[in-house]
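Now for the letters of each chain:
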Amino acid sequence: MGLLSKKDAALIKDPLFDNNPITVQVLGICSALAITAKLEAAIVMAISVLFVLSLGNVIISLMRNIIPSKIRIIVQLVVAAALVIVVDLVLKAYAYNLSKTLSVFVGLIITNCIIMGRFEAFALANSPWKSFLDGIGNSLGYGVILIIVAFFRELLGTGALMGHQILGDPVKKTGLYALGYENNGFMLLAPMALIVLGIVIWVQRSKNPKLIEENK
Amino acid sequence: MSLKDKLHQLKLKYQGTKMEPLFNAFHTFLYTPNEVTKTGSHIRVVDDLKRTMNMVVLALVPILIFSMFNTGYQHYLALGQVDYATDGFFSPNFWNLNNFIVGFKTIMPLVLVSYIVGLGVEFYFAMKKGHEVEEGYLVTGMLVPLIVPVDIPLWMLAIAVIFGVVIGKEVFGGTGMNILNPALTIRAFLFFSYPTWMSGDKVWIHGLAERTDGISGETILGSLAQGKDVAYGVKEMFYGFIPGSVGETSTLLILLAGLFLIFTKIGSWRIMLSTVLGALVMGLLFNWIAPSMEGTKFYDLMSTPFWQHLLIGGFAFGTVFMATDPVTATQTTKGKWIYGFLIGLMSILIRVFNPAYPEGVMLAILLMNVFAPTIDHIIVGKNIKKRLNRLKVKTT
């Protein structure tokens, strides 16, 4: 990354891997469980959070010197809510079906801990450019995990990716289904999202022993 | 050189390499290790993990053999090629070789897949972690084929076993550390993943799923939940000449196995008894309020005589072999009573009120598995408090 200084690059790279908001900080689990049954929904969710978090971070950072600290939470909420409403209306206008699948979870981006967490922990104390990069990094880290989980859940749960049946037709019994393969209904239920997420965390920590907490 | 010594030599030869745990695993799996405490150990018992496990497997063998006969019997009965076994438990219509051959051919693959896949995972983890292989899977591997429908595809069973052993047991730290009963975890995985193979009226009798001529074979619970008449008498329920998961049908044999486990002090009689009591209490309660529920869809199951709940479904099997699992059950004496009682209560409750899950025993036991540590925690805490109070009274 020639464009960015080393410090700035770390702002994006860190939350993608070693300080991932979902797998390391364990934030934003609720939406990670709720909307990962379909890859398409997960991607849209990731983009929505990218928009809200990066822009919100910039706005909060610009206002950081004039926000009275007593009412900062409510200011952050208003900023997040305004951006979420924009996302919600855009989705309703241009991708109505998708916005139906995502239902309340677009609105619930407001309560996503990652958003408030980054506003509070980073944007309030850093310059707009840095906050912007931090927002991009964190929402990418969030999105990557969402997409990984959704990939396995949709593939194993319905045999499809992005709505296309890639393992064959389960009704007409073609492709893999001709061999007796069947979709795993458990994959579509929320508990399995948690287990898939757990396995992702397991793999990540076994690759990177630095992340393993010490037993006390 | 005997196999035992050979394995020991191999283990020494590969000491320090990745292969050591593998040979060590085989060695300790088959024999007593060569290195045992020579001096200074104060407690010596014959009850090691291996013996405990072997006793449970021994108790399961008659049930496995019975289930092979029953699989064939149900198969031929549904096709009309054998008459009802009406003359008592030793009816020749039931105990004949044709039945056994069909059963053997369908059930042995289940047993083999369960053991090969499960032990494979155990060995892999033993090698990875570099410790001895644990005997925990010996019992689980035998329980698993007995609690699934006969015609479950083998690849599904294999996936479920991998899931159950890895997620249900190894991630918690292996045998003795798991929160949920691994065999039931495997069954629950199958149940939620492939519901068409785990419930309905086609899966309980071998060979029905491929047939399209309308022959069906509901379990008793299935018929009751749908408000149909039950085609089996009480004697048949007790002997186990009924369709159901492979090994859970014969209440008689499970009762004998239960007595065997109590006699050898491996199964906790407190848990078994309190589970039965819990089920009876709930059954009585439902019998009592049933008249006011006439006409609702719950009526049939509610008005089933309370004692019959003990004979049908997987209740007996769950009580004797699953609820008493020493790892996942409560450890305190008082806790065992509470734990068992709630399992019994919950089993019948789920049975009656949840039409999607005609059998509640699996879910009831898994639920109480989760609460077992909490029950123990409360009881131990109370005991500490009581003793502290006693100390205070003495000193003042």
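Treat the numbers as computed from the prediction; the structure is a model and nothing was measured.

1. A word on the overall build of chain B
Of regular secondary structure, chain B possesses 16 helices and zero strands. Scaling as 2.2 N^0.38, a compact globule of 396 residues should have a C-alpha radius of gyration of about 21 Å, and chain B matches this with 23 Å. Seen through its C-alpha atoms, chain B measures out along the principal axes to roughly 70 × 70 × 35 Å. Put simply, chain B has 396 residues, and 52% of those count as buried.

2. Concerning the nonpolar core
Core analysis: the biggest nonpolar cluster contains 158 residues, and Leu 60, Ile 63, Leu 190, Phe 317, Phe 321 and Tyr 339 of chain B have the highest contact counts within it. A per-element tally of this core places helix α3 (residues 49-78) of chain B first, with 14 residues. Among all residues touching Phe 321 of chain B, those that are not within four sequence positions of it are Val 56, Ala 59, Leu 60, Ile 63, Leu 143, Ile 254, Ala 257 and Leu 261 of chain B. Within the second largest apolar cluster, seven residues are counted, among which are Leu 11, Ile 12, Phe 122 and Ile 136 of chain A.

3. What about unusual backbone geometry?
Unusually for a residue other than glycine, Val 26 of chain A sits at a positive phi of about 50°. Residue classification places Val 26 of chain A among the partly exposed residues on the basis of a relative accessible area of 46%.

4. Focus: helix α11 (residues 251-263) of chain B
All names here are of chain B. The terminal C-alpha atoms of α11, which comprises 13 residues, lie 18 Å apart, in line with the 18 Å expected from a rise of 1.5 Å per residue. Against α3, α10 (234-239), α12 (269-289) and α14 (315-322) lie the buried residues of α11. Two residues or fewer past α11, Lys 265 is found with a positive phi of approximately 60°.

5. Some remarks on the packing of helix α4 (residues 97-129) of chain B against helix α5 (residues 137-146) of chain B
Residue and element names in this part refer to chain B. For the pair α4 and α5, interaxial distance at closest approach is 8 Å and the crossing angle is 150°. Crossing of α4 over α5 shows right-handed handedness. Residues Leu 110, Val 111, Ser 114, Tyr 115, Gly 118, Leu 119 and Glu 122 of α4 pack against Tyr 137, Leu 138, Gly 141, Met 142, Val 144 and Pro 145 of α5. The residue inventory of the contact of α4 with α5, partitioned by class, reads nine nonpolar, three polar and one charged.

6. Focus: the interface of chain A and chain B
Taken residue by residue, the interface counts 12 residues in chain A and 13 residues in chain B. Taken together, both faces of the contact between chain A and chain B bury some 920 Å²; the carbon and sulfur share is 71%. Put simply, chain A and chain B have zero salt bridges between them. Across the side of chain A that touches chain B, the residue classes tally to seven nonpolar, four polar and one charged.

7. Side note on the confidence of the model for chain B
Residues and elements named next belong to chain B. For chain B, per-residue confidence averages 85 on the pLDDT scale, and 94% of positions sit at 70 or higher. Mean pLDDT across the elements of chain B bottoms out in helix α2 (residues 20-30) (72) and peaks in helix α6 (residues 154-168) (93). Interface predicted TM-score (ipTM) for the complex: 0.85; the corresponding pTM is 0.87.

8. Looking at the packing of α5 of chain B against helix α7 (residues 182-193) of chain B
All names here are of chain B. The interhelical angle for the contact between α5 and α7, taken along N-to-C directions, is 35°, at an axis separation of 8 Å. Here α5 runs over α7; the crossing is right-handed. In this structure, α5 contributes Thr 140, Leu 143 and Val 144 to the contact, and α7 contributes Pro 182, Ala 183 and Ile 186. For the contact of α5 with α7, the residue count by class is five nonpolar, one polar and no charged.

9. Looking at the side chain of Glu 122 of chain B
With respect to the helices and strands, Glu 122 of chain B occurs in helix α4. Setting aside residues no more than four positions away along its own chain, Glu 122 of chain B makes contact with Val 133, Glu 134, Tyr 137, Val 165, Lys 169, Glu 170 and Thr 175 of chain B.

10. Structural notes on the pattern of salt bridges
Residue and element names in this part refer to chain A. Throughout the structure, instances matching the rule amount to four salt bridges over all chains. Arg 72 serves as the salt-bridge partner of Glu 120, at 2.6 Å between the closest nitrogen and oxygen. Placement of the pair is Glu 120 in helix α7 (residues 113-121) and Arg 72 in helix α4 (residues 72-94), with a sequence separation of 48 residues. Classification of Glu 120 as partly exposed rests on a relative accessible area of 29%. Between Asp 134 and Arg 118 there is a salt bridge, with its nearest N and O atoms 3.0 Å apart. In this pair, Asp 134 is assigned in helix α8 (residues 128-158) and Arg 118 in helix α7, connecting sequence segments 16 residues apart. Residues Asp 134 and Arg 118 agree in their burial class; the two are buried.

11. Quick look at a nonpolar patch on the surface
On the surface, Ile 199, Trp 202 and Val 203 of chain A together with Val 171, Phe 172, Met 177, Ile 179, Leu 367, Val 370 and Phe 371 of chain B cluster together into a nonpolar patch covering about 850 Å² of accessible area. Among the elements of the structure, α9 (190-207) of chain A together with α16 (361-395) of chain B are those that each provide at least two residues to the nonpolar patch. Turning to its location among the elements, Ile 179 of chain B is positioned in the loop between α6 and α7. On the basis of relative accessibility, which here comes to 36%, the residue Ile 179 of chain B falls in the partly exposed class.

12. Here we look at the environment of Trp 129 of chain A
Residues and elements named next belong to chain A. You can see Trp 129 is positioned in helix α8. You can call Trp 129 partly exposed: its relative accessible area is 46%. Sequence separation between Trp 129 and Val 58 is 71 residues, and the spatial gap between their C-alpha atoms is 7.2 Å. Aside from chain neighbours lying at most four places away, what touches Trp 129 is Leu 4 and Asp 8.

The rules we used
- Residues numbered from 1 in each chain as written.
- Chains lettered and ligands numbered in written order.
- Predicted model: local features only at pLDDT ≥ 70, side-chain atom pairs only at ≥ 80, totals over all residues.
- Heavy atoms only, no water.
- Helix = DSSP H or I, 4+ residues; strand = E, 2+ residues; numbered from the N terminus.
- Rg over C-alpha atoms; globule rule 2.2 N^0.38 Å.
- Buried < 20%, exposed > 50% of the residue type's maximum accessible area, 1.4 Å probe, protein only.
- Core = buried A, V, L, I, M, F, W, Y, C linked by side-chain atoms within 4.5 Å.
- Contact = heavy atoms within 4.5 Å.
- Expected span 1.5 Å × (residues − 1).
- Axes fitted to C-alpha atoms, helices over the stretch in contact; angles between N-to-C directions.
- Left-handed = near helix turned anticlockwise from the far one by under 90°.
- Nonpolar A, V, L, I, M, F, W, Y, C, P; charged D, E, K, R; others polar.
- Buried area = accessible area lost by both parts, 1.4 Å probe.
- Salt bridge = Lys/Arg side-chain N within 4 Å of Asp/Glu carboxyl O.
- pLDDT = per-residue confidence, 0-100.
- Patch = residues over 30% accessible without salt bridge, like charges linked within 9 Å, V, L, I, M, F, W, Y side chains within 5 Å.
- Areas by Shrake-Rupley, 256 points an atom, 1.4 Å probe, with all protein chains shown as cover.

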